Amino acid sequence: MEDCLAKKMEITVSEAEKRTGRNAMNMQETYTAYLIETRAVESQSEGQCAPVDSLWRRYSEFELLRNYLSVTYPHIVVPPLPEKRADFVWHKLSADNMDPDFVERRRIGLENFLLRVASHPVLCQDKIFYSFLTQEGGWKEMVNETGFQLKADSRLKALNATFRVKNPDKRFTELKHYSDELQSVISHLLRVRARVADRLYGVYKVHGNYGRVFSEWSAIEKEMGDGLQSAGHHMDVYAASIDDILEEEEHYADQLKEYLFYAEALRAVCRKHELMQYDLEMAAQDLTSKKQQCEELATGTVRTFSLKGMTSKLFGQETPEQREAKLKVLEEQIQEGEEQLKSKNLEGRDFVKSAWADIERFKEQKNHDLKEALISYAVMQISMCKKGIQVWTNAKECFSKM
């Protein structure tokens, strides 16, 4: 961790800017660009003011970077990006992806993504990631030249592996179930939070009615007027404070949403292991089949029904020379198959070892982050309740002086 990029470089996504340009189809579009600023830490420690390097990136470029990392490092739980469009929001908050409040929250999420990658012991050393932070022109071409798209597994192949693996690893199966349950629990928690926020918003805004009624009442009372007017002012301030409070709460919700999306990153690692296990089983099955064919050719007996066996019966047996040539080809294929199987076994063992180490690292990170987020959320709720108590305490004092 001492060598990670986050220790050597300060990384911030400092601002967002709405822009208009033309897409690949030459159609005009409006998009948001984000300013990434980096500064070397070493120069600062020596008392020098390090220069700030900056460049602009679109959200789609962040997506390209993450896709590259996911394909290149299939054994790693790659940090997720913030959502492209708002979900699980209380209805008074805009879900428009061009809304300034949403863009600001996404800016924070993109910065968090870069810091997660820069802090990861493996991902932080990737040259493409470093270029993403430091090289504005030609970066996309550099990514595409890696040919990472060719390494990406098709969804159909992944689905096929899920249903046809005969001996799945119990640990990865349990992890897959856990990620599904984690996503379900956090989704439910976010929905409940949004409903509570809606009701809370209504309660706070109704307090504004107290303010209006007390103000109107104060106009017809001589002795009680000042007290009623003051109490009404406290109610108005209380009612107006809810907008800032719930926007702050939305930031805590974004911390939970990150782990909602992390659940998919966990499943991606599990799917990759299923694919490797499926390829291994198919290679073993193919090798067994070839060995059987070799034995049948050598002994001249056919154990199971086959088209070849039927053809031999209908059109006569093969000549010794033909059988010898086929045997030679099969023996070569068997040798290649055994080497391939050995290679896949080693690859599988290396994957499991690396993946499980990263999953353990992720679990520690998750436990720490979710604990901090929930504590912060509880502290905010307590603070909010104290403000409500203070408002009514102030109102009580106003009523006492009437």
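If you're wondering where the values come from, they're calculated on a predicted model, not measured in any experiment.

Asks: Can you lay out the sheet that holds strand β1 (residues 9-22) for me, pointing to particular residues and giving the numbers?
Replies: Taken together, 3 strands build an open sheet; the order of strands is β1-β2-β3 and the sheet is antiparallel. The open sheet has two free edges, formed respectively by β1 and β3 (53-58), since each of these has just one partner strand. Neighbouring strand axes in the sheet, compared pairwise and without regard to direction, differ in orientation by 25° on average. Pairing of β1 with strand β2 (residues 28-40), which is carried by 13 bridges, proceeds in the antiparallel orientation. Across the sheet, the residue bridging to Arg19 is Tyr31, located in β2. Along the sheet, helix α3 (residues 59-72) contacts β2 and β3; its crossing angle with β3, the most-contacted strand, is approximately 90°.

Asks: So what about the confidence of the model for the protein? Which residues, and what values?
Replies: Parts of the model with low pLDDT should not have their predicted coordinates read in detail. Looking at the protein, the pLDDT average stands at 86 and 88% of residues meet or exceed 70. Confidence, expressed as mean pLDDT per element, reaches its minimum in the protein at helix α12 (residues 307-315) with 49 and its maximum at α3 with 95.

Asks: Would you mind going over the packing of helix α10 (residues 225-240) against helix α13 (residues 320-400) in detail, with residue names and values included?
Replies: Here α10 crosses α13 at 170°, and the two axes come no closer than 8 Å. Relative to α13, the element α10 is oriented roughly antiparallel. Here Gly227, Leu228, Ser230, Ala231, His234, Met235 and Tyr238 of α10 come into contact with α13, specifically with Lys387, Gly388, Val391, Trp392, Asn394, Ala395, Cys398 and Phe399. For the contact of α10 with α13, the class distribution of residues is 9 nonpolar, 5 polar and 1 charged.

Asks: If you had to explain α10 to someone new, which residues and values would you point to?
Replies: An α-helical segment advances 3.6 residues per turn. Residues three or four places apart therefore align on the same side. Taking 1.5 Å per residue, 16 residues should reach 22 Å; α10 reaches 23 Å between its end C-alpha atoms and fits that length. Turning to α10, its buried residues are Gly225, Gly227, Leu228, Ala231, Gly232, Met235, Tyr238 and Ala239. For α10, the angular spread of the buried residues around the axis is 160°, confining them to a single face.

Asks: Describe the nonpolar core, naming the residues involved and giving the relevant values.
Replies: Leu65, Leu114 and Leu133 are the most contacted members of the largest nonpolar core, which totals 33 residues. Elements supplying a minimum of two residues to this core: β1, β2, α3, α4 (100-119), α5 (127-134) and α6 (139-145). Leu190, Leu260, Tyr262 and Trp356 belong to the second-largest nonpolar core, a separate cluster that totals 23 residues.

Asks: An account of the environment of Glu296 is requested, with residue identities and associated values reported.
Replies: Within the secondary structure layout, Glu296 lies in helix α11 (residues 242-299). Residue Glu296 is classed as buried on the basis of its relative accessible area, which comes to 16%. Distance from Glu296 to Leu327, taken between C-alpha atoms, is 9.8 Å for residues 31 residues apart in sequence.

Asks: Residue-level account of α5, with values.
Replies: All of the buried residues in α5 are Ile128, Phe129, Ser131, Phe132 and Leu133. Capping of α5 at its N-terminal end is provided by Asp126; its side-chain oxygen lies 2.9 Å from the backbone amide nitrogen of Ile128.

Asks: Could you give an account of a negative patch on the surface, with specific residues and numbers?
Replies: A surface patch of negative charge is lined by Glu321, Glu324, Glu331, Glu332, Glu336 and Glu339. Positionally, Glu332 belongs in helix α13.

Asks: Can you tell me about the pairing of β2, naming the residues and giving the values?
Replies: Sheet topology note: the β2/β3 ladder contains 6 bridges and is antiparallel. The residue bridging Leu35 from the neighbouring strand is Trp56, located in β3.

Asks: I'd like a rundown of the packing of helix α9 (residues 170-218) against α10, residues and numbers included.
Replies: The N-to-C vectors of α9 and α10 enclose an angle of 160°; their axes lie 7 Å apart at closest approach. Judged by the inter-axis angle, α9 sits roughly antiparallel to α10. Note on packing geometry: the crossing formed by α9 with α10 is left-handed. For the pair formed by α9 and α10, the contact residues are Tyr204, Lys205, His207, Gly208, Tyr210, Gly211, Arg212, Phe214, Ser215, Trp217 and Ser218 on the first element and Gly225, Leu228, Gln229, Ala231, Gly232, Met235, Asp236, Tyr238, Ala239 and Ala240 on the second. The residue makeup of the contact of α9 with α10, split by class, is 10 nonpolar, 8 polar and 3 charged.

Rules used throughout
- Residues numbered from 1 in each chain as written.
- Predicted model: local features only at pLDDT ≥ 70, side-chain atom pairs only at ≥ 80, totals over all residues.
- Heavy atoms only, no water.
- Pairing = 2+ DSSP bridges.
- Helix = DSSP H or I, 4+ residues; strand = E, 2+ residues; numbered from the N terminus.
- Axes fitted to C-alpha atoms, helices over the stretch in contact; angles between N-to-C directions.
- Contact = heavy atoms within 4.5 Å.
- pLDDT = per-residue confidence, 0-100.
- Parallel < 35°, antiparallel > 145°, perpendicular 65-115°, else oblique.
- Nonpolar A, V, L, I, M, F, W, Y, C, P; charged D, E, K, R; others polar.
- Expected span 1.5 Å × (residues − 1).
- Buried < 20%, exposed > 50% of the residue type's maximum accessible area, 1.4 Å probe, protein only.
- Arc of directions from axis to C-beta.
- Core = buried A, V, L, I, M, F, W, Y, C linked by side-chain atoms within 4.5 Å.
- Polar contact = N/O pair within 3.5 Å; in protein donor to acceptor, adjacent residues only side chain to side chain.
- Patch = residues over 30% accessible without salt bridge, like charges linked within 9 Å, V, L, I, M, F, W, Y side chains within 5 Å.
- Areas by Shrake-Rupley, 256 points an atom, 1.4 Å probe, with all protein chains shown as cover.
- Salt bridge = Lys/Arg side-chain N within 4 Å of Asp/Glu carboxyl O.
- Lys, Arg positive; Asp, Glu negative; His and termini not counted.
- Charge placed at Lys NZ, Arg CZ, Asp CG, Glu CD.
- Left-handed = near helix turned anticlockwise from the far one by under 90°.

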